[in-house]
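Survey of secondary and tertiary structure
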Amino acid sequence: MKVEAVELWELRLPLVTPFRTSQHSDDERVALLVCAHTTEGAGWADCAVSPGPYYEPEFLSGARAVLAEYLVPMLTAAPAVTAARVQAALASVKGHQMAKAALETAVLDAELRATHMSLATYLGAVRDRVEAGVSVGIPGSLAELIAQVEGYLEQGYRRVKLKIEPGWDLEPVAAVRERFGPDLALQADANTAYTLASAPRLRDLDQFGLLLLEQPFAADDLLSHAELARLISTPVCLDESITSPRAAATALRLGACSVINIKPARVGGYLAARAVHDLCAAHGVPVWCGGMLETGVGRAANLALAALENFTLPGDISATARYYAQDITPPFVLEDGHIPVPSGPGIGVEVLPDVLDRLTTHHEILR
């Protein structure tokens, strides 16, 4: 198979509800879609970069530039390409994991469509539906938070994740736990907002019986995470720190976490994500699949990944309606707290051309 051209679409999708974390606030998803045209057909991917470098070093205009100037020319120059060879073909470019992941995923989608195999089957899925959790951003008040959580539970979500930051941590967690009781599967995500000096306050979260505390410290501060893990009973989960299978192995060896959130784009694609999954399974460490406000293209691929055996905790792969009134694929719908895994060839969903055209703000073809 040879890659002949790559199309890039930049589009804007308004969010149903503004989403704020300790690092940034969004009221829309500015998405970058990638379509790889190969000699065997076309394949799609959602490049999970944000518009600015607030959550990750990579950002949208930078991803577009590195794709156009370096990655796509290198890929189209390769005489033969499979998804398993994409990373090696692009290895001379340092970093830019999300842009590389998007190209690998688009090639993989094309490859699997040509052989009529689903991504779920290719990755080794063991279930045909995925238990769904929901991530709740930082709202304007406790009353607003309680109302949001109540609404999500009425819709059938099985797990609630609360975004926290200094000044918005113990009180919202306590309020949600008191209102909805001890049986609610509840976790907290700090998005790197704390330092080890905050350990006494973070230890106070132990009283609420959380599933886990996610990424309290900076992504490169594994030693502080390891120290915190020794000081608190709440399981420590890493997210931003997990940038590759090697990073996951280092974190586990240091005792920096006992749970890992796998974001395929951050680790370099779905093949690397499967490697992280397998590593954690070998060490008895549970994993779950995080979300990056993906369009239906990315949501479909994440569902295939989350259907693997060691994804034993509900992920952030919510229904389409949690984020978008209109997506670029047919919507994913919550059914009894679960979302079905696409079973069609490749990622298993089709892009709606009229919606794509209407929401697109920039389009280019790279040959």
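Everything below is about the structure printed above this text.
In short, a report on the structure. (Residues numbered from 1 in each chain as written. Predicted model: local features only at pLDDT ≥ 70, side-chain atom pairs only at ≥ 80, totals over all residues. Heavy atoms only, no water.)

**Some words on the pairing of strand E6 (residues 159–163)**
- Within E6, five of the five residues are buried, which leaves it mostly tucked inside the rest of the structure.
- A two-sided burial pattern is seen for E6, the buried positions comprising Arg159, Lys161 and Lys163 on one face and Val160 and Leu162 on the other.
- Here four bridges tie strand E5 (residues 133–136) to E6, and the two strands are oriented parallel to one another. Each bridged residue has a counterpart across the sheet, and for Val134 the counterpart in E6 is Val160.
- In this structure, E6 lies alongside strand E7 (residues 185–189), joined through five bridges in parallel fashion. The partner of Leu162 across the bridge, within E7, is Ala188.
- Traced from E6 through helix H6 (residues 170–180) to E7, the parallel crossover comes out right-handed. (Buried < 20%, exposed > 50% of the residue type's maximum accessible area, 1.4 Å probe, protein only. Helix = DSSP H or I, 4+ residues; strand = E, 2+ residues; numbered from the N terminus. Pairing = 2+ DSSP bridges. Right-handed = clockwise from strand over helix to strand, strands pointing away.)

**With respect to the packing of aromatic side chains**
- Applying the stated rule across the entire model yields three aromatic pairs.
- Ring geometry for Trp9 versus Trp44: centroids 5.1 Å apart, planes at 25 degrees, classification stacked. Of this pair, Trp9 sits in strand E1 (residues 3–20) while Trp44 sits in strand E3 (residues 41–47); the two residues are 35 residues apart in sequence, bridging distant segments of the chain. This pair shows no difference in class: Trp9 is buried, exactly as Trp44 is.
- Considering the side-chain rings of Tyr152 and Tyr157, the 6.0 Å spacing of their centres and the 85 degrees angle between planes classify their relative orientation as edge-to-face.
- Over the aromatic face of Trp288 sits the side chain of Arg159, whose NZ or CZ is 5.2 Å from the ring centroid. (Phe/Tyr/Trp six-rings, centres within 6.5 Å; stacked < 30°, edge-to-face > 60°. Lys NZ or Arg CZ within 6 Å of the ring centre and 35° of its normal.)

**So, the layout of surface pockets**
- What the largest pocket holds in volume is close to 480 Å³.
- Around the largest pocket, the lining is made up of 28 residues, and of these Phe19, Asp26, Ser50, Tyr55 and Leu293 lie nearest the centre.
- Its residues placed into classes, the lining of the largest pocket shows ten nonpolar, seven polar and eleven charged. (1 Å grid on protein atoms, 1.4 Å probe; cavity = no way out; pocket = protein on both sides within 12 Å on 5 of 7 lines; lining within 4 Å. Points joined across faces, edges and corners; volume = space filled by probe spheres on them. Nonpolar A, V, L, I, M, F, W, Y, C, P; charged D, E, K, R; others polar.)

**Observations concerning the environment of Ala110**
- Summarising the element assignment, Ala110 is placed in helix H3 (residues 97–115).
- By relative accessible area, Ala110 is classed as buried at 1%.
- Separated by 109 residues in the primary sequence, Ala110 and Met1 place their C-alpha atoms 9.6 Å from one another.
- In contact with Ala110, other than residues within four places in its own chain, are Thr38, Gly41, Ala42 and Gly43. (Contact = heavy atoms within 4.5 Å.)

**Let's talk about helix H9 (residues 245–254)**
- Here H9 has its buried residues at Ala247, Ala248, Ala251 and Leu252. Each buried residue of H9 lies within a common arc of 135 degrees when the element is viewed along its axis, so the set occupies one face. For H9, exposure combined with an orientation more than 90 degrees from the buried face picks out Arg246 and Arg253.
- The inward-facing, buried residues of H9 contact helix H8 (222–231), strand E9 (236–238), strand E10 (259–262) and helix H11 (270–282).
- Phi for Gly255, located one or two positions after H9, is positive at around 70 degrees. (Arc of directions from axis to C-beta.)

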